[in-house]
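# Reading the structure
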Amino acid sequence: MLMFWWHSIVVSNFCLFPVTELKEGDSARSIVEIIFQTSWLRQDIASVKPESIFKVHNSPKTLARFEEYRDMVKAKASRTSRKNSRCLVDGNELLRFYSTTISCSMGMSSSLSSSSLASPSSHSSSYTTTSSSSSYPYSSLSSSSSPSPSPSSSTSLCTSSACGVCNILRHGFAPAVKGHPGIYTNASSGKAHDSVCFAKEGKLDGERRTLRAMIVCRVIAGRVKKMGLSSDSSQDGNIPSVYDSVSGEATQFTDLEELLVFNSRAVLPCFIVLYNC
């Protein structure tokens, strides 16, 4: 049912700002909250409610690179003797979580409505976006009820090297795990939470809090090699070229909890969830 709801969210409105805060009551925000909280799957830490949720408006260039990579994965899958139906249909697209650092004021004020941020593939401060016409799962990742941001509410992208959110929005994803030649994502938000120990500490309304950032991503997994991220072959990058990603150890909930994709074009940021934990 969640997948149906997620797929039914309509395409992005015309927007001059790559990141827009989704306010309480927005249908897209509600769905992101449901997915974030129901995929927490932890007993030691109770599921947390997001402080702020921002929708990423990717540039046409970024979307095109993502779709070009999907087409490449599908074409490669069609040439293999052992056909994988998911790879042939949509490149085996998955919805994943990527935890990163935040060391700027983004999300510290509930009145913040949008941020003027650069796209991973374009280093300009602002640009015009167009909606994707793709009918693939998770291709409609916005809400028609989302308000259009105003120029007066925009802020500048921070330049701190410690701020993972802003660096990803500027330059795209970089290898998150030392020794692994790719981008590391998780199926559950709770597991992704463990992958970053740094967080932004600050005060809001007089209360001390620790802000963390979670990026909800569309990921083209392609053909997955199930061998564990701790194996020698995975660490050395000695993976047969027929595979597009490597999975970690299976859990009681999924055999793709940990996933390492080899190409940064395979990961498309869709939402930024800021939460206190």
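Everything in this summary refers to the structure shown in the same document. Residue positions are given per chain, counted from 1 along the sequence in the order it is written. In view of the model being predicted, local features appear only for residues whose pLDDT reaches at least 70, and side-chain atom pairs are presented and counted only at 80 or more, with totals across whole chains, interfaces and linings using the full set of residues. Here the side-chain values reflect all heavy atoms present in the structure, with hydrogen atoms and water set aside.

## Some thoughts on the pattern of salt bridges
- Take a side-chain nitrogen of Lys or Arg and a carboxyl oxygen of Asp or Glu: if they are within 4 Å of each other, that pair is a salt bridge. Counted under the stated rule, the structure contains 10 salt bridges.
- With its nearest N and O atoms 3.9 Å apart, the salt bridge here joins glutamate 67 to arginine 218. Here the residue glutamate 67 occupies a position in helix α3 (residues 60–78), and arginine 218 occupies one in strand β7 (residues 207–220), the gap between them amounting to 151 residues.
- Throughout, exposure labels follow a simple rule: accessible area from a 1.4 Å probe, protein chains only, divided by the maximum for the residue type, with under 20% read as buried, over 50% as exposed, and the rest as partly exposed. Judged by its relative accessible area of 18%, glutamate 67 falls in the buried class.
- Exposure remark for arginine 218: the relative accessible area of 2% places this residue in the buried category.
- Two residues, arginine 86 and aspartate 90, come together in a salt bridge whose shortest N-O distance is 3.4 Å. With arginine 86 and aspartate 90 both in helix α4 (residues 85–90) and 4 residues apart, the pair spans about one turn of that helix.
- When salt bridges with common partners are traced through the structure, they connect Glu24, Arg29, Glu33 and Lys49 into a single cluster. Secondary structure counts use DSSP, requiring at least four H or I residues in a row for a helix and at least two E residues in a row for a strand, with both numbered from the N terminus.

## As for α3
- Expected helix span is taken as 1.5 Å per residue step, with the number of steps being one fewer than the number of residues. The first and last C-alpha atoms of α3 sit 27 Å apart over 19 residues, in line with the 27 Å expected at 1.5 Å per residue.
- Residues of α3 that are buried: Thr62, Leu63, Phe66, Glu67, Tyr69, Arg70, Val73, Lys74 and Ala77. Mapping the buried residues of α3 onto a view down its axis gives an arc of 150 degrees, with all of them on the same face. Relevant arc is that of directions from the helix axis to the C-beta atoms, nothing else.

## Focus: the nonpolar core
- One finds Ile102, Met106, Val165, Phe173, Leu259 and Ile272 to be the most contacted residues of the largest nonpolar core, which totals 35 residues.
- Sorting the residues of this core by element identifies β2 (50–56), α3, β3 (93–100), α5 (164–171), β7, β10 (258–261) and β11 (267–276) as the ones contributing at least two each.
- Tallying contributions element by element places β7 first for this core, with 5 residues.
- Any two residues whose heavy atoms approach within 4.5 Å are treated as being in contact. Those residues in contact with valine 165 that sit more than four places away from it in its chain are Thr100, Thr101, Ile102, Met106, Ala213 and Ile272.
- As used here, the term nonpolar core means buried Ala, Val, Leu, Ile, Met, Phe, Trp, Tyr and Cys residues forming a set that is joined through side-chain atoms within 4.5 Å. Of all hydrophobic cores here, the second largest spans 19 residues; its members include Ile53, Ala192, Cys270 and Phe271.

## Examining the environment of glutamine 37
- Positionally, glutamine 37 belongs in helix α2 (residues 27–38).
- Separated by 11 residues in sequence, glutamine 37 and valine 48 have C-alpha atoms that sit 6.8 Å apart.
- In this view, glutamine 37 contacts Ser47, Val48, Lys49 and Pro50; residues no more than four positions away in its chain are not counted.
- Any pair of N or O atoms that falls within 3.5 Å is considered a polar contact. Within protein, one atom must be able to donate a hydrogen and the other to accept it, and sequence-neighbouring residues count only if both atoms are side-chain atoms. Looking at glutamine 37, its side chain comes within polar contact range of the main-chain oxygen of valine 48, at 3.3 Å.

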